[in-house]
Amino acid sequence: MDFKQGVKLFPAMNEEIVKKANLCRAADLIAGDVSGYIDFAYYLLDNKIESDNVFILAGLSESEKEDARRYFDCLLLELDIKTDLDNIDYLYICYLNEKIHEGKKDAHSALAE
């Protein structure tokens, strides 16, 4: 699905995308972890949601923090997503929990963060 044609998502898909965007933003703002932004781009690609910003973001490495932030912000504008900063601590805990369940973090290192 190309953004130029307009994004029409099922409500459940849209809720999942907003949730993932919020978790990624929390990880960046609290721990400076932009890997979630890159994972978010791959999630969109897996769900056939494509744009130049998605492709560029998916091609970045974690060391390219400023670029990842910029393309993530552009992507949020394309998707018309507003991130929720009111519950940032809770969202960050949810992000860590998700990474533990995916096997990308172990519980001990997550607790140390």
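Residues numbered from 1 in each chain as written. Predicted model: local features only at pLDDT ≥ 70, side-chain atom pairs only at ≥ 80, totals over all residues. Heavy atoms only, no water.

**A short note on the packing of aromatic side chains**
Going by this rule: Ring geometry is summarised as follows: Phe, Tyr and Trp rings, the Trp one being its six-membered ring, pair when their centres sit within 6.5 Å, and such pairs are stacked at plane angles under 30 degrees, edge-to-face over 60 and tilted between the two. Here a strand is any run of E in DSSP of at least two residues, a helix any run of H or I of at least four, and the numbering for each starts at the N terminus. Type-normalised accessible area, obtained with a 1.4 Å probe on protein chains alone, sets the label of each residue: buried when under 20%, exposed when over 50%, and partly exposed for intermediate values. Only lysine NZ and arginine CZ atoms are considered, and such an atom sits over a ring when it is within 6 Å of the ring centre and within 35 degrees of the ring normal.
Scanning the entire structure with this criterion turns up three aromatic pairs. Centre to centre, the rings of Tyr-37 and Phe-72 are 4.0 Å apart; their planes meet at 15°, and the pair counts as stacked. In this pair, Tyr-37 sits in helix α2 (residues 35-46) while Phe-72 sits in helix α4 (residues 65-79), placing the two residues 35 residues apart along the sequence. Residue Tyr-37 is classed as buried on the basis of its relative accessible area of 0%. One aromatic cluster is present, formed by Tyr-37, Phe-40 and Phe-72 through successive ring pairs. Between the NZ or CZ atom of Lys-20 and the centre of the ring of Tyr-43, over which it lies, the distance is 4.9 Å.

**Focus: unusual backbone geometry**
If you check the backbone angles, Lys-48 has positive phi at about 65° while not being a glycine. You will see that Asp-80, though not glycine, has its phi angle at about 55°, which is positive. Looking at where Asp-80 falls in the secondary structure, it is placed in the loop between α4 and α5 (88-102).

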